[in-house]
Amino acid sequence: MSANSPAAVVVLAAGGGTRMKSNRLPKVLHEVCGRSLVGHAVAAAEELTPEQLVVVIGHMREKVAEHLAAHHPGARAVVQAEQNGTGHAVRTALETLAADGIELDGTVIVTTGDAPLLTGGTLRALADAHAGQGNGVTVLTAVVPEPFGYGRILRDEADGAVAAIVEEKDASDAQRAIDEINSGVFAFDAKLLVGALAEVTTDNAQGEEYLTDTLEILRRAGHRVGAVVAADYRDILGINDRVQLAHARRLLNDRLLERAMRAGVTVVDPATTWFDVQVSYEPDAVVLPNTQLQGATHLGEGSEVGPNSTLKDTRIGAGARVSNTTADGAEVGELATAGPYAYLRPGARLARKAKVGTYVEVKNSELGEGAKVPHLSYIGDATIGEGTNVGAASVTVNYDGVNKHRTVIGAHCRTGSDNMFIAPVTIGDGAYTAAGSVITNDVPAGGLGVGRAQQRNIAGWVERKRPGTTSAQAAAAASEPAAEVPAEG
């Protein structure tokens, strides 16, 4: 815990978000670049290593609490049973901590659960300025190109302190021309905040306790109200509907791509490339157009992914190539290749220089070094040894309707095209299997497995059983004796 860590960060995430028009998700669980809105708020707060991290929840509280427990176990969920305003939400959080014997001493940061672009760096700048200026409360503000609808910041001309926050509907024409706005994010002295919240009333049109009322309360008591302007005004943008959600996704994606490119990744077409926040990479990786990297995907040095690829929680080794591929929970080793049009499902692991080719699906299987499955095959629950080549149109038949079974194909094997491996079955090292075989028994090392019926031909079957068809006509024409060609005389 840093000596400069705030006593607490309180994330306000109780609202319903009616403009999202969702019956399934509360607003704060909608995702931007692989993380929920509230997840972004918590992640930014965690960068400050606060002594207490509290998320105030209300609407669809069970879903939000479950999400926090699964993804952010360090955050404490506090229920605001009735949404009676932002002041009431903060008071509920502080009273819950006090009931558990936790008395806050220091800085309390209050932030919102619907601003996914707000960074830990911006919160740190707010906390540092608050402590350095000796303010009772410090407001995070932003200078925006279009301030309509936001509360305007009125500053004292003498010392630059915040004199008031005027809402759009209450502002004069001159005040509406001000382009510095309130973000809804604050830093408070903890003890002053507790006292100010006790004085907040519901004497307003909404009948709610407003957190912003504490600023005037503290100012009247002689405490300075300061302000810090966000370096990037987009940091404070909140999400109220799905249009704003898409806009924030684009802005955050642009940030993620810029960070990757400055770290040595080539992104050929940023307009069609999407990164999640957990994606990591090494220098000289190349990302081709129409590619989505999701979850904890990692790109090794000099690897190339895309075009038209979607990779989730997948590791791509150094120098590997992945084209027109969908992968989920897979590993592609150093100098290995996948695609075009490959599907790597969870547990697919390709060793160094292994190859998975066109229209091949791999699930819960390992391919050894240099092993190849080039064409039109399904490899499930299998182990394939180094240097082995699996023929086209091969299937490991792993499921008997109740249980999954494993296929083991040894090193340096050559399996024929159109093979069915009925698991559990083992093909020994260096063995071959004949094309068109259904392999039901183990094949010893160096042996040849043949599992196909003896072919027999039934002459004249088409003309007898399919008379009048074009096939019958073609067969009849082929049966006619060739016309004699007169000799030249």
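Refer to the structure printed above.
Reading guide: rules and limits
- Residues numbered from 1 in each chain as written.
- Predicted model: local features only at pLDDT ≥ 70, side-chain atom pairs only at ≥ 80, totals over all residues.
- Heavy atoms only, no water.
- Pairing = 2+ DSSP bridges.
- Helix = DSSP H or I, 4+ residues; strand = E, 2+ residues; numbered from the N terminus.
- 1 Å grid on protein atoms, 1.4 Å probe; cavity = no way out; pocket = protein on both sides within 12 Å on 5 of 7 lines; lining within 4 Å.
- Points joined across faces, edges and corners; volume = space filled by probe spheres on them.
- Buried < 20%, exposed > 50% of the residue type's maximum accessible area, 1.4 Å probe, protein only.
- Axes fitted to C-alpha atoms, helices over the stretch in contact; angles between N-to-C directions.
- Parallel < 35°, antiparallel > 145°, perpendicular 65-115°, else oblique.
- Contact = heavy atoms within 4.5 Å.
- Nonpolar A, V, L, I, M, F, W, Y, C, P; charged D, E, K, R; others polar.
- Phe/Tyr/Trp six-rings, centres within 6.5 Å; stacked < 30°, edge-to-face > 60°.
- Lys NZ or Arg CZ within 6 Å of the ring centre and 35° of its normal.
- Arc of directions from axis to C-beta.
- Polar contact = N/O pair within 3.5 Å; in protein donor to acceptor, adjacent residues only side chain to side chain.
- Patch = residues over 30% accessible without salt bridge, like charges linked within 9 Å, V, L, I, M, F, W, Y side chains within 5 Å.
- Areas by Shrake-Rupley, 256 points an atom, 1.4 Å probe, with all protein chains shown as cover.
- Salt bridge = Lys/Arg side-chain N within 4 Å of Asp/Glu carboxyl O.

Looking at this structure, how should I read the sheet that holds strand S17 (residues 298-299)?
What holds strands together in a sheet is hydrogen bonding between their backbones, with the strands either parallel or antiparallel. Read across the sheet, nine strands follow the order S14-S17-S20-S23-S26-S29-S32-S35-S38 without closing on themselves; strand pairing throughout is parallel. In this open sheet, the two strands that pair with only one neighbour each are strand S14 (280-281) and strand S38 (425-427). Pairing between strand S20 (residues 315-316) and strand S23 (residues 331-332): two bridges, direction parallel. Within S23, the residue paired with isoleucine 316 across the bridge is valine 332.

What's the story with the layout of surface pockets in this structure? I'm lost.
Empty pockets left among the atoms are what a rolling probe the size of a water molecule brings to light. The volume enclosed by the second largest pocket comes to roughly 320 Å³. Breaking the lining of the second largest pocket down by element, the ones donating at least two residues are helix H1 (37-46), helix H4 (120-133) and helix H8 (242-262). Broken down by element, the lining of the second largest pocket gets its largest block of residues, four residues, from H8.

When you look at the pairing of strand S7 (residues 137-143) in this model, what are you seeing that I'm missing?
Strand residues, when the strand is regular, have side chains that alternate between the two faces of the sheet. Across the seven residues that make up S7, a large majority, six, are buried. Bridge count for S7 against strand S10 (residues 180-189) is seven bridges, and the pairing is antiparallel. Pairing of valine 139 across the sheet is with phenylalanine 186, part of S10.

Just to check I follow, could you spell out the packing of helix H6 (residues 190-199) against helix H7 (residues 213-220) for this structure?
The angle between the axes and the distance between the axes are what describe a pair of packed helices. Running from N to C, H6 and H7 point in directions that differ by 110 degrees, and their axes come no closer than 9 Å. Judged on the interaxial angle alone, H7 and H6 are roughly perpendicular. Residue-level contacts link Leu192, Ala196, Leu197 and Glu199 of H6 to Thr214, Ile217, Leu218 and Arg220 of H7. Of the residues contributing to the contact of H6 with H7, the split by class is five nonpolar, one polar and two charged.

Would you mind showing me how to read the packing of aromatic side chains here?
Two numbers describe a pair of aromatic rings. These are the distance of the centres and the angle of the planes. For the structure on display, the rule yields three aromatic pairs. With a centroid separation of 5.8 Å and an interplanar angle of 45 degrees, the aromatic rings of phenylalanine 186 and phenylalanine 188 are classed as tilted. An identical accessibility class is assigned to phenylalanine 186 and phenylalanine 188; each is buried. Aromatic pair tyrosine 341 and tyrosine 359: ring centres 5.4 Å apart, planes at 15 degrees, arrangement stacked. Of the two residues, tyrosine 341 is situated in the loop between strand S24 (337-338) and strand S25 (342-344) and tyrosine 359 in the loop between strand S27 (355-358) and strand S28 (361-363); the sequence distance between them amounts to 18 residues. Directly above the aromatic system of tyrosine 399 lies the positively charged group of lysine 404, at a separation of 5.5 Å from the ring centroid.

How do you make sense of the environment of valine 425 when you look at a structure like this?
By secondary structure assignment, the location of valine 425 is in strand S38. Each C-alpha atom of the pair valine 425 and aspartate 328 lies 27 Å from the other, and the pair is 97 residues apart in sequence.

Help me understand H6, please; the structure alone is not making it clear to me.
Because an α-helix completes one turn every 3.6 residues, residues spaced three or four positions apart along the sequence face the same direction. Along H6, the residues classified as buried are Ala190, Leu193, Ala196 and Leu197. End-on, the buried residues of H6 take up no more than an arc of 120 degrees, which puts them together on one face. The exposed residues of H6 that point more than 90 degrees off its buried face are Lys191 and Ala198. Residues of H6 that are buried in the fold lie against helix H3 (86-99), strand S6 (107-112), S10 and H7.

Help me out: how do you make sense of the environment of arginine 321 in this one?
In this structure, arginine 321 sits in strand S21 (residues 321-322). On the basis of relative accessible area, arginine 321 is assigned to the partly exposed category, the value being 35%. Taking the C-alpha atoms as reference points, arginine 321 and alanine 89, separated by 232 residues in sequence, lie 51 Å from one another. Those residues in contact with arginine 321 that sit more than four places away from it in its chain are Gly302, Ser303, Glu304, Ala336, Thr337 and Ala338. Among the polar contacts listed, one links the side chain of arginine 321 to the backbone oxygen of glycine 302, at a separation of 2.9 Å.

Help me out: how do you make sense of a nonpolar patch on the surface in this one?
Together, Tyr341, Tyr359 and Leu376 line one region of the surface with nonpolar side chains, adding up to about 350 Å² of accessible area. Residue tyrosine 359 is classed as exposed on the basis of its relative accessible area, which comes to 51%.

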